[in-house]
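# Descriptive analysis of the structure
Each chain, written out:
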Amino acid sequence: MWIGVVSLFPDMFDALTQQGVVGRAVEKQRIALEFWNPRDYATDRHRSVDDRPYGGGPGMLMKVDTLRAAIFAARERAQQATGLVPTVIYLSPQGRKLDQQGVQALASAGPLVVVAGRYEGIDERVVESDIDEEWSIGDYVLSGGELPAMVLIDAAARLIPGVLGHQDSAVEDSFNDGLLDCPHYTRPEIIDGRQVPDVLLSGNHAAIKRWRLKQSLGRTWQRRPDLLEGRPLDAEQRKLLNEFIEEHAL
Ligand SMILES: NC(=O)c1ccc(NC2CCCC2)nc1
């Protein structure tokens, strides 16, 4: 997967590229991550990358010419590297709310150019002319688009074949089948008197798989019933959820 990043703070992305799942994926070249900094396109003496908002008001916006130059360069490189036209994404609270389905769509959308805003954002005409999709990681305001960009890249990278050591874990991850994750346990068997559910010690893999699905269904029903509204359950899942509900009936 090819991802270009337009950011004034490319070093922030070391958090993604220097370690962990995405770091290894970059190292194994499962993911190509390249950066363009608008400051590199500044031509004035102060190398300015921000500009004052028409109509006044607090704060600055990203300077149009340096931002667009960076986006164009990233777009050009994407096409050269992949032969495909990239999808250019901008992160902001005004964007479409990112969820696992959106991540799956982005992970299979070909090359991406992710634009991380700073200051108060970018000129609306740049959004109209150069941004294909605007996305939000949640209803809160951040000081830059870099952290949301890293969230998006991490989530998408996990879905690229070969990125996760144990491929199943990507599939079994919560939200992958639209349900919350089941509880997990590891050593020791008893913590402050609390034991590991017997089924997980039984070695009965069919029973374990059933228990985990039942827990995922039950926890989704308890904590995020909204996720069940849009999700049909098959006979087995309906049976398991009903069992869970009966066991947890208050
Ligand atoms: N919820 C979000 O995904 C999000 C994205 C960007 C941002 N801030 C950026 C946007 C323009 C300048 C700073 N804040 C929040």
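Counting from 1, residues in each chain are numbered in the order their sequence is written. Owing to the predicted nature of the model, reporting of local features is limited to residues with pLDDT of at least 70; listing and counting of side-chain atom pairs is limited to 80 or more, with chain, interface and lining totals taken over all residues. For the side-chain quantities, the full set of heavy atoms in the structure was used; hydrogens and water were omitted.

Moving on, we get to the site of the ligand. For this purpose, a residue is taken to be near a molecule or strand whenever a single non-hydrogen atom of the residue falls within 4 Å of it. Of all residues adjacent to the ligand, which total 18 residues, the nearest are Y90, I137, G138, Y140 and L142. Here a polar contact means two N or O atoms within 3.5 Å. Within protein one must be a hydrogen donor candidate and the other an acceptor candidate, and residues neighboring in sequence count only if both atoms are side-chain atoms. A distance of 2.8 Å separates an oxygen atom of the ligand from a polar atom in the backbone of I137. G138 has a polar backbone atom sitting 2.8 Å from a nitrogen atom of the ligand. Assessed atom by atom at 2 Å from the grid points, the ligand resides in the second largest pocket. Per element, the largest residue contribution to the shell around the ligand is four residues, and it comes from strand β5 (residues 87–97). Residues are grouped as follows: Ala, Val, Leu, Ile, Met, Phe, Trp, Tyr, Cys and Pro are nonpolar; Asp, Glu, Lys and Arg are charged; all remaining types, including Gly, are polar. Of the residues in the shell around the ligand, the class split is nine nonpolar, eight polar and one charged. Using a 1 Å grid laid over the protein atoms alone, points where a 1.4 Å probe fits but cannot get out form a cavity; open sets with protein on both sides within 12 Å along at least 5 of 7 lines form a pocket; any residue with an atom within 4 Å of a point counts as lining. A molecule is said to be in a cavity or pocket once over half of its atoms fall within 2 Å of that pocket's grid points. Segments assigned H or I by DSSP are reported as helices when at least four residues long, segments assigned E as strands when at least two residues long, and all are numbered from the N terminus.

Here the second largest pocket defines a volume of roughly 430 Å³. Sorting the residues of the lining of the second largest pocket by element identifies β5, α5 (124–130) and β7 (133–136) as the ones contributing at least two each. In terms of residue count, the dominant contributor to the lining of the second largest pocket is β5 (five residues). Its residues assigned to classes, the lining of the second largest pocket shows 12 nonpolar, nine polar and four charged. Grid points are joined across faces, edges and corners, and a volume is the space filled by probe spheres set on the points.

Before going further, it helps to spend a moment on the environment of G55. Among the structural elements, G55 can be located in the loop between β3 (50–51) and β4 (61–62). Residue classification places G55 among the exposed residues on the basis of a relative accessible area of 85%. Along the sequence, G55 and A42 sit 13 residues apart, while their C-alpha atoms lie 24 Å from each other. Relative accessible area decides the class of each residue, using a 1.4 Å probe on protein chains only: under 20% of the type maximum gives buried, over 50% gives exposed, and in between gives partly exposed.

Taken together, the five strands give an open sheet; going across it, the order is β2-β1-β6-β5-β7, and neighbouring strands pair in parallel fashion. Only two strands of the sheet have a single neighbouring strand rather than two, namely β2 (32–36) and β7. Ignoring strand direction, the axes of neighbouring strands in this sheet form an average angle of 35 degrees. In what follows, residue pairs with any heavy atoms lying within 4.5 Å of each other are defined as contacts. Axis definition: a line fitted to C-alpha atoms, limited for helices to the stretch in contact. Angles are taken between N-to-C directions and run from 0 to 180 degrees. Together, β1 (2–6), β2, β5 and β6 (112–115) form the strand contacts of helix α3 (residues 64–82), whose direction differs from that of β1 by roughly 170 degrees. Two strands are counted as paired when DSSP detects at least two bridges linking them.

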